[in-house]
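Fold and contact review
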Amino acid sequence: MSAENTTSKETKNPAVDGSQLITFDNVTKRFGSNVVLDNLCFDVASGKHVTLIGPSGSGKTTILRLLMTLVKPEEGTIKVAGEYLTHEERNGKLVPASERHSREVRKNIGMVFQQFNLFPNMKVLRNITEAPVHVLGLAKDEAEQRARELLELVGLTEHIDKYPSQLSGGQQQRVAIARALAMRPQVLLLDEVTSALDPELVAGVLDVLRDIAHTTDITMLCVTHEMNFARDISDDVLMFDAGRVIESGAPEKIFSDPEHERTREFLSAVL
Amino acid sequence: MTWDWNAVSEFLPRLWDGVLLTLQALVLGSLIAFALGLVWALAQRSSLKAVSWPVTAVTEFIRNTPLLVQLFFLYFVMPEWGITLTALAAGVVGLGLHYSTYTAEVYRAGIDGVPAGQWEACTALSLPRSRTWSAVILPQAIRRVVPALGNYIIAMLKDSPMIAIIGALEMLGQARQFSAETFQPTEPITVIGVVFILIAYPASLLMRALERRLVR
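Residues numbered from 1 in each chain as written. Chains lettered and ligands numbered in written order. Predicted model: local features only at pLDDT ≥ 70, side-chain atom pairs only at ≥ 80, totals over all residues.

1. Let's talk about the overall build of chain B
- Counting secondary structure elements, chain B contains eight helices and zero strands.
- Along chain B, from the amino end to the carboxyl end, the secondary structure elements read α-α-α-α-α-α-α-α.
- For chain B, the spread of C-alpha atoms along the principal axes amounts to about 70 × 45 × 20 Å.
- Burial analysis of chain B (216 residues in total) assigns 32% to the buried set.
- Pairs at least 24 apart in sequence give 77% of the contacts found in chain B among residues at least 6 apart. (Helix = DSSP H or I, 4+ residues; strand = E, 2+ residues; numbered from the N terminus. Buried ≥ 20, exposed ≤ 12 C-beta atoms within 10 Å, placed from the backbone. Contact = placed C-beta atoms within 7 Å.)

In structure tokens, the structure reads:
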């Protein structure tokens, strides 16, 4: 129990090259009097796939939302690709980041949501090209070419001219994955991406993500209740409880021989 | 009291002038109301208190005072400050300004109705604010509120006779003038009532059809 907050730092030896892509340094997040994340420290090395598990309300999703600057931390700092995310340095001092600064740092990060959040007023193709054209400044042709390649990757080439409402949940989520990848992010955040899907559609989405995990060098930060998927793709698993990492390690270790009683309880409930 | 078809046919040419003026006031008034309403709605959401607060105060003031008083103000008081408007111009500005405070509320509801996930997706894609509004939020918000905006056009149609009181000869103005000259109020007033129904009822059917199509 004594080293709870630093567990992940100590066990992070696999990061041999030392290039930490994401660093949480003593991050505390409260909603009112409710402490969601409690002095959290952890980091993720470039190219690693990290899965966050734990009971609901343990702060996993909040980590992704902090990285997306959808919520702001009360204390502590977050670094992405060497840059402060929620702060910026001005005259040698750390001050809260301007929206402009946050947006620049955030360009390294893509996110796929539980509820897909595709733009219902745009067809599939434009859902994917909108940001590359208007954020990265890609020419329309180039963005559409990239969108076609991504749609092929997620197996939806024939749906390019449909509106999201004409697709199944699983298809929408695959479009959302393509949309996130179109920005060529270094980090992909996956927030319970299969939780809103009918059971028979889950496998298709997970297959696409497995494919991406195994064939690209993108860093993944994944909140999921799909333990088999987590075991397949993860380099590291972090077990959360009450806003703290109580245990972390390789999936084989966590899933078959967890040290912490709380982890054992949680896994026996979900597996 | 007898119904005089001759009076009806004598009234027709003026009725036509009145219909044209009513429609003119309606179209121009609607354009002002739709454009200005959107400006109010966006300004009220501004994080700058110096913008949102005065706009809220002004729109609340306009919404909670009678249209007729505003029309009198525009037509009779503004000239004191050197701004003289024709009756039609004052009428159009009055209707447009008054109704813009209602359409602002409609837009606000439409914008609030866009799910939080849409904003989050825009953030996740780093879309700039202007693009977030113009490509994602407003198209969805406006689609939702088109029927409600249409209902305000119909409400404005029914308020349009008020501009007769400052002398714009729309339908009611023409009918009043005709009856004053001929001492036959029954026919012209009845006829314009029928014409109002002939415009308003199909329009409201159209709005209902639009609502079924647009609001899912």
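2. Considerations on the interface of chain A and chain B
- Counting residues at the interface gives 19 residues for chain A and 14 residues for chain B.
- At the level of secondary structure, the elements contributing two or more residues to the side of chain A that touches chain B comprise helix 3 (99-106), strand 8 (109-112) and helix 4 (124-134) of chain A.
- In the side of chain A that touches chain B, the residues fall into nine nonpolar, six polar and four charged. (Nonpolar A, V, L, I, M, F, W, Y, C, P; charged D, E, K, R; others polar.)

3. Considerations on the UniProt feature "transmembrane region" (unreviewed entry) in chain B
Residues and elements named next belong to chain B.
- Listed under "transmembrane region" (unreviewed entry) in the UniProt record, and renumbered for this structure, are residues 20-43, 81-99 and 189-210.
- The span residues 81-99 is 68% helical and 0% strand by assignment, and the distance between its end C-alpha atoms comes to 24 Å.
- Secondary structure over residues 189-210 splits into 100% helix and 0% strand, and the C-alpha atoms at its two ends are 32 Å apart. (UniProt positions renumbered as here; feature names shortened; annotations may be inferred.)

4. A closer look at the nonpolar core
- Counting 119 residues, the largest nonpolar core has Leu67, Met111, Ala178, Leu189 and Leu190 of chain A as the members making the most contacts within it.
- Residue contributions to this core peak at eleven residues, all from helix 4 (residues 87-112) of chain B.
- Apart from the residues within four sequence positions on either side, Leu189 of chain A is in contact with Leu64, Leu67, Met68, Ile109, Gly110, Met111 and Leu221 of chain A. (Core = buried A, V, L, I, M, F, W, Y, C linked by C-beta atoms within 7 Å.)

5. Brief notes about the sheet that holds strand 5 (residues 83-84) of chain A
- The strand order 2-1-4-5 (chain A) describes an open sheet built from four strands, whose pairing is antiparallel. Every interior strand has two partners, whereas the edge strands, strand 2 (34-45) and strand 5 of chain A, have only one. (Pairing = 2+ DSSP bridges.)

6. Focus: the environment of Pro55 of chain A
All names here are of chain A.
- If you trace the backbone, Pro55 turns up in the loop between strand 3 (49-53) and helix 2 (60-67).
- Residues Pro55 and His225 lie 170 residues apart in sequence; the distance between their C-alpha atoms is 9.3 Å.
- Excluding anything up to four places from it in sequence, Pro55 contacts Asp241 and Phe266.

7. Digging into the packing of helix 4 of chain A against helix 5 (residues 140-153) of chain A
All names here are of chain A.
- Running from N to C, helix 4 and helix 5 cross one another at 130 degrees; their axes reach a closest spacing of 9 Å. By the angle between their axes, helix 4 is oblique relative to helix 5. The crossing of helix 4 and helix 5 is right-handed. Together, Leu125, Ile128, Thr129, Pro132 and Val133 of helix 4 and Lys140, Ala143, Glu144, Arg146, Ala147 and Leu150 of helix 5 make up the contact between the two elements. (Axes fitted to C-alpha atoms, helices over the stretch in contact; angles between N-to-C directions. Parallel < 35°, antiparallel > 145°, perpendicular 65-115°, else oblique. Left-handed = near helix turned anticlockwise from the far one by under 90°.)

8. Observations concerning the confidence of the model for chain A
All names here are of chain A.
- Mean pLDDT over chain A stands at 88; residues scoring 70 or higher make up 93%.
- Put simply, helix 1 (residues 7-10) is where chain A has its lowest mean pLDDT, 39, and helix 4 is where it has its highest, 96.
- Low pLDDT, under 50, characterises residues 1-17; the predicted model gives this stretch 26 contacts beyond four residues in sequence or across chains. (pLDDT = per-residue confidence, 0-100.)

9. A few points about the UniProt feature "domain: ABC transmembrane type-1" (unreviewed entry) in chain B
- With numbering matched to this structure, UniProt assigns "domain: ABC transmembrane type-1" (unreviewed entry) to residues 15-207 of chain B.
- Along residues 15-207 of chain B the backbone is 81% helical and 0% strand, and the end-to-end C-alpha distance reaches 26 Å.

10. Thoughts on unusual backbone geometry
All names here are of chain A.
- The phi dihedral of Asn117 is positive, around 55 degrees, even though this residue is not glycine.
- The exposure class of Asn117 is buried, given the 23 C-beta atoms found within 10 Å.
- Although it is not a glycine, Ala242 sits at a positive phi angle of roughly 50 degrees.
- Relative to the elements of secondary structure, Ala242 occurs in the loop between strand 11 (236-241) and strand 12 (244-249).
- On the neighbour-count criterion, Ala242 (15 C-beta atoms within 10 Å) is partly exposed.

11. Observations regarding the UniProt feature "domain: ABC transporter" (unreviewed entry) in chain A
- The positions that UniProt labels "domain: ABC transporter" (unreviewed entry) are, in the present scheme, residues 22-267 of chain A.
- Helix makes up 37% of residues 22-267 of chain A and strand 28%, whereas the separation of the span's terminal C-alpha atoms amounts to 26 Å.

12. Considerations on helix 2 of chain A
All names here are of chain A.
- Along helix 2, six of the eight residues are buried, which leaves the element largely enclosed by surrounding structure.
- Buried within helix 2 we find Lys60, Thr62, Ile63, Leu64, Leu66 and Leu67.
- Positive phi appears at Thr69, one or two residues downstream of helix 2, with a value of about 55 degrees.

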